[in-house]
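Spelled out, the chains give:
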Amino acid sequence: MQAYDLSQNHIVMPPEEIALSTNQLQVFYGSNQTQSMTDASLSFPRFQITALIGASGSGKSTYLRSLNRMNDRIARVEGEIMYRNTNINSRQVNVYEVRKHIGMVFQKPNPFAKSITDNITFALKAAGITDKKELRERVETSLKEAALWDEVKDDLNTSALSLSGGQQQRLCIARAIAMKPDILLLDEPASALDPISTAKLEMTLKELVKNYTIIIVTHNMQQASRISTYTAFFHLGHVIEYDKTTAIFQTPTMQATRDYVTGHFG
Amino acid sequence: MTPNQTDKLATQLINFLVAVVVLILLFLLGDIILSGFPHISWHFLTSPSSSFSAGGGIRDQLFNSLYLLILTLIISFPLALGSAIYLSEYAGDNWFTGLIRTAIEVLSSLPSVVVGLFGYLLFVIEFHLGFSILSGAIALTFFNLPLLVRSIEGSLHAVPDSQREAGIALGLSNWRTIRGVILPAALPGILTGIILSAGRVFGEAAALIYTAGQSAPILDYTNWNPMATDSFLNPMRPAETLAVHIWKVNTEGVTPDAVSISAGASAVLIIVILIFNFGARAIGNHMFKKMTGGK
């Protein structure tokens, strides 16, 4: 892999309404404060899927996890994360509220060791929703939105761990959207799934994007080009290029992007 | 030797070692239960012990053992649970937690006689608790804590971090995630810790001789006032447990039927431990199923 000039970048500003944006986001890890993210300034359009791509160690997951403050205990994050005209990367902000508005789904399906229903209602109950009818409705609508309802509607009280990997991942999506977030962050959600489950998941995401803003980290460039409207290319802790997905894959501006999407490294 | 042969040899060796362990266990269990069982009768289980004449039972000792176990768990379980949650979920890896872990390890290797004498000097004499179930329960807590803390910490640690992340990402607090997700998932392991420590409490004699005492005053099982001196619930009364009774009958028993009392009491002790073991597992499985949807 050749060395690229990391100070050069090409970043567009989407003309659509912006749901979330970061300004000069920097992340420092560990006791020696290693910088793993430098000056990431991106804006994510509302009701669109944005893909974050890049090789391992490019900082894309680190960046994603900073967006809903999941890095709070592990790393120091500096810079602004603007959501609804508020910088949510400040000490005064209630992180629990932030995470209710910005949900997250992880690389490995991680349903709770509880029944399917309880997986969804647990956080709702903790958030103060006690009405049985409301809880039932949320379970049903979120499972329908995650395209899992038809497969599990008769087994709502069985353990979530008895589901297949793809079903578990869709349950995790249902669990996240039951909280009625604005934004869904997905950290390589399909990397542990087989091609058929992956296709189902992608179809689900395309439906979900009508109501949610989705930001997805993926290793899989075909996946990024299939489902996203915008794509950001990360390299060694820098955002090198951010543009329409078609531009990134067909007419990239930066040399590093061109080399990555054509498979020269990564 | 071919890899196939080495594998066969190793498997046979392992099978042999397992067989030895199982045989020793079966022999011990069988011998104790077979030689003790003929001496167990309704009369034996329901009458108080006698000091000189034949025909004494183990009613009070049996009850004392159970009561002591409950009191010990009431004291030690919350302490152990809190420390284990702290060590596994909150504490970082630094000199302080290292110190705690070392202290726990040292505590677990203390000889029981030392703990008994320490309990005698501190609780029985210094704190004026006298020979009492309470003194015994506190002394046994010293034994219980290391075992409980380490097994609970271990089972909490075995719950994958992805479960914690899932809770945090849903806007739950750390504590809510621990209480609602981590603890239920760790329940079977926690239960194993309780069962192991309970077996130790049932079987302990040396530490109890100096703390709970060796006398079993006649108890009134109809007196539910824990403050009354003859009430079976009074935690301040001296209480000889089954294990202590077995030790005493064997060393200084003067009753003509001392041998059969000791054999019968040993069998009862083992059977009670087995019942507790299976009972706790059954209850635990039921709770686990209810909390986790059955898998």
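Just so we're clear, the structure is a prediction, and the values are computed from it rather than from any experiment.

1. Some thoughts on the overall build of chain A
When helices and strands are counted, chain A shows ten helices and twelve strands. For chain A, whose C-alpha radius of gyration is 19 Å, the value lies close to the compact-globule estimate of 18 Å for 266 residues. Along the first, second and third principal axes, the C-alpha set of chain A runs to 55 × 45 × 35 Å. Put simply, of all contacts in chain A between residues at least 6 apart along the chain, 71% involve residues at least 24 apart.

2. Some details on the UniProt feature "domain: ABC transporter" (unreviewed entry) in chain A
Here, UniProt's "domain: ABC transporter" (unreviewed entry) annotation points to residues 20-261 of chain A. Counted over residues 20-261 of chain A, helix gives 38% and strand 26%. Its end C-alpha atoms are 26 Å apart.

3. Here's the deal with helix α1 (residues 60-67) of chain A
Residue and element names in this part refer to chain A. In terms of residue burial, α1 counts as a mostly covered element, since eight of its eight residues are buried. Along α1, the residues that are buried comprise Lys60, Ser61, Thr62, Tyr63, Leu64, Arg65, Ser66 and Leu67. One or two steps after α1, the chain reaches arginine 69, where phi turns positive at roughly 65 degrees.

4. Notes on the interface of chain B and chain A
The interface of chain B with chain A comprises 19 residues on the first partner and 28 residues on the second. Looking at the side of chain B that touches chain A, the element that brings in the most residues is helix α7 (residues 161-169) of chain B, giving six residues. For the side of chain B that touches chain A, the residue count by class is eight nonpolar, eight polar and three charged.

5. Examining the packing of helix α1 (residues 3-36) of chain B against helix α11 (residues 258-292) of chain B
Residues and elements named next belong to chain B. Relative to each other, α1 and α11 sit at 125 degrees, their axes nearing to 7 Å. By the angle between their axes, α1 is oblique relative to α11. Crossing hand, α1 versus α11: left-handed. Along its contact with α1, which presents Leu29, Ile32, Ile33, Ser35 and Gly36, the element α11 presents Ala263, Gly264, Ser266, Ala267 and Ile270. By residue class, the composition of the contact of α1 with α11 is six nonpolar, four polar and no charged.

6. Describing the UniProt feature "domain: ABC transmembrane type-1" (unreviewed entry) in chain B
Annotation from UniProt places "domain: ABC transmembrane type-1" (unreviewed entry) at residues 62-280 of chain B. Regarding residues 62-280 of chain B, the helix share stands at 73% and the strand share at 0%, and the terminal C-alpha atoms are separated by 18 Å.

7. A few points about the environment of serine 35 of chain B
Looking at where serine 35 of chain B falls in the secondary structure, it is placed in helix α1. Considered as a pair, serine 35 of chain B and leucine 274 of chain B are 239 residues apart in the sequence and their alpha carbons are 17 Å apart.

8. Structural notes on the UniProt feature "transmembrane region" (unreviewed entry) in chain B
The UniProt record marks residues 12-45, 65-87, 99-123, 129-149, 181-202 and 258-280 of chain B with the feature "transmembrane region" (unreviewed entry), using the residue numbering of this structure. As a span, residues 65-87 of chain B carries 100% helix and 0% strand, and end to end its C-alpha atoms are 31 Å apart.

9. Some details on the pairing of strand β8 (residues 102-105) of chain A
All names here are of chain A. Side-chain alternation along β8 places Ile102 and Met104 on one buried face and Gly103 and Val105 on a second face that is also buried. Pairing analysis gives four bridges linking β8 to strand β9 (residues 183-187), with the strands arranged parallel. Its bridge partner lying in β9, isoleucine 102 is registered against isoleucine 183.

10. Comments concerning the nonpolar core
Grouped together as the largest cluster of nonpolar side chains are 131 residues, with contacts concentrated most on Leu52, Ala174, Leu184 and Ile214 of chain A together with Leu68 of chain B. For this core, the leading source of residues is helix α6 (residues 133-157) of chain B, giving 13 residues. Setting aside anything within four residues of it in sequence, one finds leucine 52 of chain A in contact with Lys60, Tyr63, Leu64, Ile215, Val217, Ala232 and Phe234 of chain A.

11. Describing the environment of phenylalanine 131 of chain B
Residues and elements named next belong to chain B. Note on placement: phenylalanine 131 falls in the loop between α5 (112-126) and α6. Along the primary structure phenylalanine 131 and tyrosine 120 are separated by eleven residues, whereas in three dimensions their C-alpha atoms are 8.1 Å apart. When neighbours within four sequence positions are excluded, phenylalanine 131 is seen to be in contact with Val124, Thr211, Ala212, Gly213 and Pro238.

12. Things to note about the environment of isoleucine 168 of chain B
Mapping isoleucine 168 of chain B onto the fold places it in helix α7. Classification of isoleucine 168 of chain B by C-beta neighbours within 10 Å gives buried; the count is 22. Leaving out residues up to four positions away in the same chain, isoleucine 168 of chain B has contacts with Met70 of chain A together with Thr177 of chain B.

What counts as what
Residue numbers run consecutively from 1 along every chain, following the written order of its sequence. Labels are handed out in written order, letters beginning with A for the chains and numbers beginning with 1 for the ligands. Under the rules for a predicted model, residues below a pLDDT of 70 receive no local features and side-chain atom pairs below 80 are neither given nor counted, while totals for whole chains, interfaces and linings still include all residues. Numbered from the N terminus, helices here are DSSP runs of H or I no shorter than four residues, and strands are runs of E no shorter than two. To get the radius of gyration, use the C-alpha atoms; to get the globule rule, take the number of residues to the power 0.38 and multiply by 2.2 Å. Note on contacts: each residue gets a C-beta atom placed from the backbone, and two residues are in contact if those atoms are within 7 Å. UniProt positions are given in the numbering used here, feature names are shortened, and annotations may be inferred rather than shown by experiment. Three exposure classes are used, based on other C-beta atoms lying within 10 Å of a residue's own C-beta, which is placed from the backbone: buried for 20 or more, exposed for 12 or fewer, and partly exposed in between. Gly is put with the polar residues, along with every residue not named as nonpolar or charged; the nonpolar set is Ala, Val, Leu, Ile, Met, Phe, Trp, Tyr, Cys and Pro, and the charged set is Asp, Glu, Lys and Arg. Inter-axis angles, ranging from 0 to 180 degrees, are taken between N-to-C directions of lines fitted to C-alpha atoms, where helices are fitted over the stretch in contact. Angle categories: roughly parallel below 35 degrees, roughly antiparallel above 145, roughly perpendicular from 65 to 115, and oblique for all the rest. Less than a right angle of anticlockwise turn of the near helix away from the far helix marks a crossing as left-handed, whereas a clockwise turn marks it as right-handed. When DSSP locates at least two bridges between a pair of strands, those strands are taken to pair. Here a nonpolar core is just a set of buried residues of the types Ala, Val, Leu, Ile, Met, Phe, Trp, Tyr and Cys, joined wherever their C-beta atoms sit within 7 Å.

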